[in-house]
Amino acid sequence: PKPETRARIGRQLREKAPRLKQTLAVMDAAGAGEVQFPEFCAALKSAGVLLGERDSRRVWDEHTSRDQSRDQPRDQSGGHSGGGPNGSGLHIREFLAEIE
């Protein structure tokens, strides 16, 4: 995306981070510390982050690819479970740390 689009998205995420933290916690009904894409989109919307499907997917892809590269050893040892296409969702704590 264009630099101004990335800046707008980043600004929205930072401004809505406190509310987003709450909505992500609600969406994580199992208490696993992660959400899948549909729950992530619902949390964004509930928190007032106004992104279209494409921008939501970009944010998701950007943050889940980082999570997966960090989790690789843990995934192989069986210490992590998920449900996304690569066996993992978005790690809430890491996502919030990156946007705040």
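Higher on the page you've got the structure.
Each value, and the rule that gives it
Residues numbered from 1 in each chain as written. Predicted model: local features only at pLDDT ≥ 70, side-chain atom pairs only at ≥ 80, totals over all residues. Heavy atoms only, no water. Axes fitted to C-alpha atoms, helices over the stretch in contact; angles between N-to-C directions. Helix = DSSP H or I, 4+ residues; strand = E, 2+ residues; numbered from the N terminus. Parallel < 35°, antiparallel > 145°, perpendicular 65-115°, else oblique. Left-handed = near helix turned anticlockwise from the far one by under 90°. Contact = heavy atoms within 4.5 Å. Salt bridge = Lys/Arg side-chain N within 4 Å of Asp/Glu carboxyl O. Buried < 20%, exposed > 50% of the residue type's maximum accessible area, 1.4 Å probe, protein only. Arc of directions from axis to C-beta. Core = buried A, V, L, I, M, F, W, Y, C linked by side-chain atoms within 4.5 Å.

Draft legend 1. Representation of the packing of helix α2 (residues 17–27) against helix α3 (residues 37–47). Interaxial distance between α2 and α3 falls to 8 Å at its minimum, and their mutual angle equals 140°. Here α2 is positioned oblique relative to α3, judged by the angle of their axes. The way α2 lies across α3 gives a crossing that is right-handed. Of the residues in α3, those in contact with Arg19, Leu20, Thr23, Leu24 and Met27 of α2 are Glu39, Phe40, Ala42, Ala43, Leu44, Ser46 and Ala47.

Draft legend 2. Examining the pattern of salt bridges more closely. Considering all chains together, one arrives at four salt bridges under this definition. Two residues, Arg6 and Glu62, come together in a salt bridge whose shortest N-O distance is 3.3 Å. Of this pair, Arg6 sits in helix α1 (residues 3–15) while Glu62 is found in helix α4 (residues 53–76), placing the two residues 56 residues apart along the sequence. Overall, Arg6 belongs to the partly exposed group, its relative accessible area being 43%. Classification of Glu62 as partly exposed rests on a relative accessible area of 27%. Salt bridges sharing partners connect three or more residues here, namely Arg8, Asp55 and Arg58.

Draft legend 3. How the structure looks around α3. When α3 is considered as a whole, its buried residues turn out to be Phe37, Phe40, Ala43, Leu44 and Ala47. Relative to the axis of α3, the buried residues are bounded by an arc of 120° and lie together on one face. Exposed positions of α3 whose direction lies more than 90 degrees from the buried face are Pro38 and Lys45. Gly48 sits one or two positions beyond α3 and adopts a positive phi of about 90°.

Draft legend 4. Structural detail: the environment of Arg57. By the element assignment, Arg57 lies in helix α4. By relative accessible area, which is 33% here, Arg57 ends up partly exposed. Taking the C-alpha atoms as reference points, Arg57 and Phe37, separated by 20 residues in sequence, lie 8.0 Å from one another.

Draft legend 5. Focus on the nonpolar core. Ranked by size, the top nonpolar core spans 20 residues in total, and within it Leu13, Leu20, Leu24, Phe40 and Phe95 carry the most contacts. Elements that contribute at least two residues to this core include exactly α1, α2, α3, α4 and α5 (92–99). The contacts of Phe95, once residues within four sequence positions are left out, are Leu13, Leu20, Leu24, Phe40, Val59, His63 and Leu90.

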